[in-house]
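# Breakdown of the fold
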Amino acid sequence: MSQTTVSSLVLTLPPPLTEHPACVYLSTLAPGSEPTMKRSLNLVAQLLTNGEADYLTLNWAALRYKHTAAIRAALVKNYEPATVNRVLCALRRVLKEALRLELISPVDYARAVDISSVKGSKELRGRALSQSEIDSLMQVCFGDKTPAGFRDAALIAILRGAGLRRAEVVNLDLKDFKSDDGQIKVRHGKGRVDRTVYLAMGASKIVDDWIEIRTDTAGPLLCQVNKSGRVIKQRLTPQAVLFILQKRCKEVGLEHFSPHDLRRTFVSDLLDAGVDVATVQNLAGHSNPAITTRYDRRGEERKRHAVASLQLPERF
């Protein structure tokens, strides 16, 4: 873009946060989603201004179709479809807040957001873990008699047994878990929606074992453990969850998996057990059943078994 165009898109004095469309949008997100979408908005600002602006100093209300179309074209050349669509989603949401704040006209808004998403590959991301892989992960944690071993076992039990997101599991407080029935209260999940999930008896017992080590004082359910093995009542970060799982995965020698793969395993196993999609959707905290079915990683064997019961008369 020309230097004149770039200059017109950079704010010299950002508006108050309550009138800043990007800040208003980010305030609606769950804590776990905010950093990712903030990075997306920063990417838009940098592309449009050759790095002169970030999400706070870009004049979002000045964006028109020529800008959003240029952003889409630039993203398609350099990023995977999933990333492109995430950035475009953030862009549309900020422009919608600009419309609500009366910073952009309805006509300019409608034209600016009239950009299509990118069709991605049909190949599914991630995988489901087998029961033997999960058993191996738990056994390596059980074999670690330090507080970290008890904590990591509880972490995996919750991720696998309740299908929580990383941001949700680190946000849990001790008060959110009820050991008598395995109830977990997930507060401010994705979309800032609360929900209640349950752990099976075995998983609940694993969490109880950790709480006995942790003690029953108030604070985060899953805490940090320092190098000397002392429990510190400080909340884990989503990144720490990733490091913990990577460490246990390496110790067992498993094929790489992500924390979200435990969530995919949770959904796949429930569907395989015959639980209806609506119930699985509710437990997973998905906004619609289409998202739930995209998490299904049961593969071709499921389809083979599905048709095995269909009968046709044999040739005599």
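The present account deals with the structure reproduced in this document.

Scoring rules and cut-offs
- Residues numbered from 1 in each chain as written.
- Predicted model: local features only at pLDDT ≥ 70, side-chain atom pairs only at ≥ 80, totals over all residues.
- Heavy atoms only, no water.
- Axes fitted to C-alpha atoms, helices over the stretch in contact; angles between N-to-C directions.
- Helix = DSSP H or I, 4+ residues; strand = E, 2+ residues; numbered from the N terminus.
- Parallel < 35°, antiparallel > 145°, perpendicular 65-115°, else oblique.
- Contact = heavy atoms within 4.5 Å.
- Nonpolar A, V, L, I, M, F, W, Y, C, P; charged D, E, K, R; others polar.
- Salt bridge = Lys/Arg side-chain N within 4 Å of Asp/Glu carboxyl O.
- Buried < 20%, exposed > 50% of the residue type's maximum accessible area, 1.4 Å probe, protein only.
- Expected span 1.5 Å × (residues − 1).
- Core = buried A, V, L, I, M, F, W, Y, C linked by side-chain atoms within 4.5 Å.
- Polar contact = N/O pair within 3.5 Å; in protein donor to acceptor, adjacent residues only side chain to side chain.

## Overview of the packing of helix H8 (residues 147-162) against helix H11 (residues 238-252)
Where H8 meets H11, the closest approach of the two axes is 11 Å, and the angle between their N-to-C directions is 105 degrees. Taken together, the axis directions place H8 and H11 in an arrangement best described as roughly perpendicular. Contacts between H8 and H11 involve Ala148, Gly149, Arg151, Asp152, Leu155, Ile156 and Leu159 from the former and Val241, Ile244, Leu245 and Arg248 from the latter. Class assignment of the residues belonging to the contact of H8 with H11 gives a composition of 7 nonpolar, 1 polar and 3 charged.

## Thoughts on the pattern of salt bridges
Tallied over the full model, the rule gives 16 salt bridges. Two residues, Asp108 and Arg64, come together in a salt bridge whose shortest N-O distance is 3.4 Å. One end of the pair, Asp108, is in helix H6 (residues 106-112); the other, Arg64, is in the loop between helix H3 (34-49) and helix H4 (65-78), with 44 residues separating them in the sequence. The partner of Asp269 in a salt bridge is Arg160, with the nearest N and O atoms 2.5 Å apart. Taken together, the positions of Asp269 in helix H12 (residues 259-272) and Arg160 in helix H8 put the pair 109 residues apart, joining distant regions of the chain. When its relative accessible area of 17% is taken as the criterion, Arg160 is described as buried. Taken together, the shared-partner salt bridges in this structure form one network comprising Asp144, Arg151, Asp152, Arg248 and Glu251.

## A word on H12
Between its first and last C-alpha, H12 extends 20 Å over 14 residues, near the 20 Å set by a 1.5 Å rise per residue. Across the 14 residues that make up H12, a large majority, 11, are buried. In the segment just after H12, Gly274 is the residue with positive phi, at about 90 degrees.

## Quick notes on the packing of H3 against helix H5 (residues 81-100)
The contact between H3 and H5 brings their axes to 9 Å, and the two run at 85 degrees. For the element pair H3 / H5, the angle class is roughly perpendicular. Contacts between H3 and H5 involve Thr36, Met37, Ser40, Leu41, Leu43 and Val44 from the first element and Arg86, Val87, Ala90, Leu91 and Val94 from the second. In the contact of H3 with H5, the residues fall into 8 nonpolar, 2 polar and 1 charged.

## Comments concerning the nonpolar core
Ile158, Val169, Ile184, Leu221 and Leu222 are the most contacted members of the largest nonpolar core, which has 50 residues in total. When residues in this core are grouped by element, the largest group, 8 residues, is from H8. In contact with Ile184, not counting residues within four places along its chain, are Ile158, Ala162, Leu172, Asp176, Phe177, Arg195, Thr196, Val197 and Leu199. Core analysis: the next-biggest nonpolar cluster, separate from the first, contains 33 residues, Met37, Leu41, Leu63 and Val113 among them.

## Description of the side chain of His286
Summarising the element assignment, His286 is placed in the loop between helix H13 (277-284) and helix H14 (289-294). A polar contact is formed between the side chain of His286 and the side chain of Arg263, at a distance of 3.2 Å. Non-local contacts of His286, meaning those with residues more than four positions away in its chain, are made with Arg165, Arg263, Val267, Gln281, Ile291, Thr292 and Tyr295.

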